[in-house]
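# A structural walkthrough
For reference, the chains in residue letters:
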Amino acid sequence: MTAPLYQYPAKTMLGRVVAKQRILAHVRATAKLRERLRDEVAQITWHAKLAHSTLNLPGTEDVPELQVFVITLKGEDLHRDVLRAIDRAIPFPILFELHGTRGIRVTAAYKRPSQADPGKWVLDDHYASSDWLPADTRRQTLPTAIDLKQLYQQLLRSLLPAPARRGEALPDQLERLRALEVLKKDAATLEKRLRNTKQFNRKVEINAELRSIREKIADYDT
């Protein structure tokens, strides 16, 4: 699965380096998080700000602005805890570009204001990601949208492993894909158990269970 790299309009570009200490000051920083920031991250850059003032698209209550952060890596990849720390520190949805030895990978987690406390943000547990793309991959223009919420949803959906069903809202799509991921893990566990089982009756039972899970996977995956 690949997702496009986008060319952000000149008016949106910031290119501001963000000190790691500024991130740590806004989160409960464990020793492990500090270690990962030190060992895995060369630089954090606030790359672009997508807002009404820079993109001429109206913001919404859910997405008043959308930020793009570039994280230059010291190695091949970045632990998810570092992404979560930056997401928690910045009170807007963020699209990350990870620049490392393997190329560029785009990743993001669904983020929305809390219904219980509009001053706080709810961050999804799962990060959607592109494949690693060559650093010289040609960038595309941003998709057409009527507001920043629609733009955000299009960008996030471009990172998901399966398309939305007709009329499927983004939260429903994310929930379906999470359930699909769990089912696939369960199927892999059963397949391994089936290979290691010698007793015929037990093989029959596992096969029946595996068939049921595969039917559910086919249902969730379409």
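Scroll up a little and you will see the structure.
Ranked by internal contacts, the top residues of the largest apolar core, which has 39 residues, are Tyr8, Leu50, Leu55, Leu95, Leu148, Leu151 and Leu155. The element best represented in this core is helix H6 (residues 170–196), accounting for eight residues. Apart from residues lying up to four places away in sequence, Leu155 is in contact with Tyr6, Leu66, Leu95, Leu142 and Pro143. By size, the runner-up hydrophobic cluster in this structure holds 25 residues, among which are Leu37, Leu78, Ala89 and Tyr127.

So, about the layout of surface pockets. The computed volume of the largest pocket comes to approximately 370 Å³. Taken together, the elements giving at least two residues each to the lining of the largest pocket come down to strand S6 (103–113), strand S7 (121–129) and H6. Examining the composition of the lining of the largest pocket, we find that six residues originate from one element, H6, more than from any other. Size it by volume and the second largest pocket reaches roughly 260 Å³. Along the walls of the second largest pocket sit 13 residues, with Val18, Arg22, Trp46, Phe69 and Ile90 positioned nearest its centre. Secondary structure elements with two or more residues in the lining of the second largest pocket: strand S2 (13–18), helix H1 (20–24) and strand S4 (66–73). No other element matches the three residues that S2 contributes to the lining of the second largest pocket. Classifying every residue of the lining of the second largest pocket gives nine nonpolar, two polar and two charged.

With that settled, consider the pattern of salt bridges. Applying the stated criterion across every chain yields a total of 14 salt bridges. As a salt-bridge pair, Arg139 and Glu97 come within 2.9 Å of each other at their nearest N and O atoms. With Arg139 in the loop between S7 and strand S8 (140–141) and Glu97 in strand S5 (residues 94–100), this pair connects stretches of sequence that are 42 residues apart. Measuring nitrogen to oxygen at the nearest pair gives 2.9 Å for the salt bridge that ties Arg202 to Glu205.

This paragraph deals with the packing of H6 against helix H7 (residues 200–220). Where H6 contacts H7, the two axes come as close as 9 Å, and the packing angle between them is 160°. Judged on the interaxial angle alone, H7 and H6 are roughly antiparallel. For the crossing formed where H6 meets H7, the hand is left-handed. Within the contact between the two elements, H6 uses Arg176, Ala179, Leu180, Leu183, Lys184, Asp186, Ala187, Leu190, Glu191, Arg193 and Leu194 and H7 uses Arg202, Lys203, Ile206, Asn207, Glu209, Leu210, Ile213, Arg214, Lys216, Ile217 and Tyr220. Here the residues of the contact of H6 with H7 sort into 11 nonpolar, one polar and 10 charged.

Now for the packing of helix H2 (residues 31–40) against helix H4 (residues 80–89). Where H2 contacts H4, the two axes come as close as 9 Å, and the packing angle between them is 100°. The orientation of H2 relative to H4 falls into the category roughly perpendicular. Across the interface between the two elements, Leu33, Arg36 and Leu37 of H2 pack against Asp81, Val82 and Ala85 of H4. Split into classes, the residues belonging to the contact of H2 with H4 amount to four nonpolar, no polar and two charged.

Quick notes on the rules
- Residues numbered from 1 in each chain as written.
- Predicted model: local features only at pLDDT ≥ 70, side-chain atom pairs only at ≥ 80, totals over all residues.
- Heavy atoms only, no water.
- Core = buried A, V, L, I, M, F, W, Y, C linked by side-chain atoms within 4.5 Å.
- Buried < 20%, exposed > 50% of the residue type's maximum accessible area, 1.4 Å probe, protein only.
- Helix = DSSP H or I, 4+ residues; strand = E, 2+ residues; numbered from the N terminus.
- Contact = heavy atoms within 4.5 Å.
- 1 Å grid on protein atoms, 1.4 Å probe; cavity = no way out; pocket = protein on both sides within 12 Å on 5 of 7 lines; lining within 4 Å.
- Points joined across faces, edges and corners; volume = space filled by probe spheres on them.
- Nonpolar A, V, L, I, M, F, W, Y, C, P; charged D, E, K, R; others polar.
- Salt bridge = Lys/Arg side-chain N within 4 Å of Asp/Glu carboxyl O.
- Axes fitted to C-alpha atoms, helices over the stretch in contact; angles between N-to-C directions.
- Parallel < 35°, antiparallel > 145°, perpendicular 65-115°, else oblique.
- Left-handed = near helix turned anticlockwise from the far one by under 90°.

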